[in-house]
Amino acid sequence: MSRPTLVLLHGWGLSPAVWAPLAPLWPADFEILTPALPGHGGAPACGPALADWADALLPAIPPGAIVVGWSLGALLALDLARRHPAHIRALVLTGATPRFVQGNDWPCALDAATLADFQAAFGASPEPTQRRFVALQSLGDQARRSVANTLGGALSPTGPAHLPALARGLELLAETDLRASLSTLQLPVRVLHGDKDTLMPVEAAIRLADQLPQGRLSVLAGSGHAPFLSRPQEWVSLLESFVRDCRS
């Protein structure tokens, strides 16, 4: 049997460097691929739709790979799985939700006005706004300082070539709603979520896992929006167990 291939998709405003602290923890037989999202970390921009972003990543995902999506990367992983079901073996979603902003029937999300404020602020002051977003992601985490430092060191460049795609990424977070497609995803999905996530409440992860036919949730205590940074050994161990179960 070939070794497991994991494709890690990072979140908005960051780069593949965010995964670097996990390098010593991966099992030796795992192949780890870390492509940059469109317009992030030196990757070229693409069309404006979520499907355009997902399809731009598809060439970096070998058939049968397990896609690990964090935050915006989780939305892209869900979109890839629903539109290319034969290509994806399984999903691992962390800091994930099918809808980032609150609605009348979806209270477990970020307030729409808060995200709108981030969008407006990013247009005026991109780099400080990125850092505010990082601070929000680490808020409530028991390892807040180290998580914030790692996230801050993995920020995507905000030069003129990157700004349109980064701004569009915030729009995707504001407008995407994948809840209706969750029940159609016939593949194993492991949801790993921090119980102190102030950006995306754990209730969103509970609902997400409940609506996935093969979804299973693990909650990491004391972790915020980036549990793979605050509880890396536990996060990798849970992921490894899931991957091996998928291949047994």
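Residues numbered from 1 in each chain as written. Predicted model: local features only at pLDDT ≥ 70, side-chain atom pairs only at ≥ 80, totals over all residues. Heavy atoms only, no water.

## Quick notes on the nonpolar core
Link 1 in the chain: Counting residues in each nonpolar core, the largest one holds 52 residues, and the members touching the most others are Leu-9, Trp-12, Leu-72, Leu-76, Leu-91, Leu-93 and Leu-173.
Link 2 in the chain: In terms of residue count, the dominant contributor to this core is helix H2 (residues 72–83) (eight residues).
Link 3 in the chain: Core analysis: the next-biggest nonpolar cluster, separate from the first, contains 29 residues, Trp-70, Leu-151, Leu-155 and Ala-226 among them. (Core = buried A, V, L, I, M, F, W, Y, C linked by side-chain atoms within 4.5 Å. Buried < 20%, exposed > 50% of the residue type's maximum accessible area, 1.4 Å probe, protein only. Helix = DSSP H or I, 4+ residues; strand = E, 2+ residues; numbered from the N terminus.)

## Considerations on the packing of aromatic side chains
Link 1 in the chain: Scanning all chains against the criterion turns up nine aromatic pairs.
Link 2 in the chain: Relative to Phe-122, the ring of Trp-12 has its centre 5.4 Å away and its plane inclined at 75°; by these criteria the two rings are edge-to-face. Here Trp-12 is found in the loop between strand E1 (5–9) and strand E2 (31–33), whereas its partner Phe-122 is found in helix H3 (residues 112–124), with 110 residues between them in sequence. Across the pair, Phe-122 and Trp-12 agree in class, each one buried.
Link 3 in the chain: An angle of 85° between the planes, with centres 5.3 Å apart, marks the rings of Phe-118 and Phe-133 as edge-to-face. Of this pair, Phe-118 sits in helix H3 while Phe-133 sits in helix H4 (residues 126–138); the two residues are 15 residues apart in sequence, bridging distant segments of the chain.
Link 4 in the chain: Taking the relative accessible area as the measure of exposure, Phe-133 reaches 3% and is therefore buried.
Link 5 in the chain: The rings of Trp-19, Trp-26, Trp-70, Phe-228 and Trp-235 are connected pair by pair, giving a single aromatic cluster. (Phe/Tyr/Trp six-rings, centres within 6.5 Å; stacked < 30°, edge-to-face > 60°.)

## Here's the deal with the packing of H3 against H4
Link 1 in the chain: It is at 6 Å that the axes of H3 and H4 come closest, and there the two elements cross at 145°. For the pair H3 and H4, the contacting residues are Asp-117, Phe-118, Ala-121, Phe-122 and Ala-124 in the first and Pro-126, Thr-129, Gln-130, Arg-132, Phe-133 and Leu-136 in the second.
Link 2 in the chain: Each residue belonging to the contact of H3 with H4 can be placed in one class, and the counts come to seven nonpolar, two polar and two charged. (Axes fitted to C-alpha atoms, helices over the stretch in contact; angles between N-to-C directions. Contact = heavy atoms within 4.5 Å. Nonpolar A, V, L, I, M, F, W, Y, C, P; charged D, E, K, R; others polar.)

## A few points about the pattern of salt bridges
Link 1 in the chain: According to the stated counting rule, one finds 14 salt bridges in the structure shown.
Link 2 in the chain: Two residues, Asp-55 and Arg-83, come together in a salt bridge whose shortest N-O distance is 2.8 Å. Here Arg-83 lies in helix H2 and Asp-55 lies in helix H1 (residues 50–57), a separation of 28 residues in the sequence.
Link 3 in the chain: Overall, the relative accessible area of 31% leaves Arg-83 in the partly exposed class.
Link 4 in the chain: The salt bridge partner of Arg-179 is Asp-177, with a shortest N-O separation of 2.8 Å.
Link 5 in the chain: Overall, Arg-179 belongs to the buried group, its relative accessible area being 17%. (Salt bridge = Lys/Arg side-chain N within 4 Å of Asp/Glu carboxyl O.)

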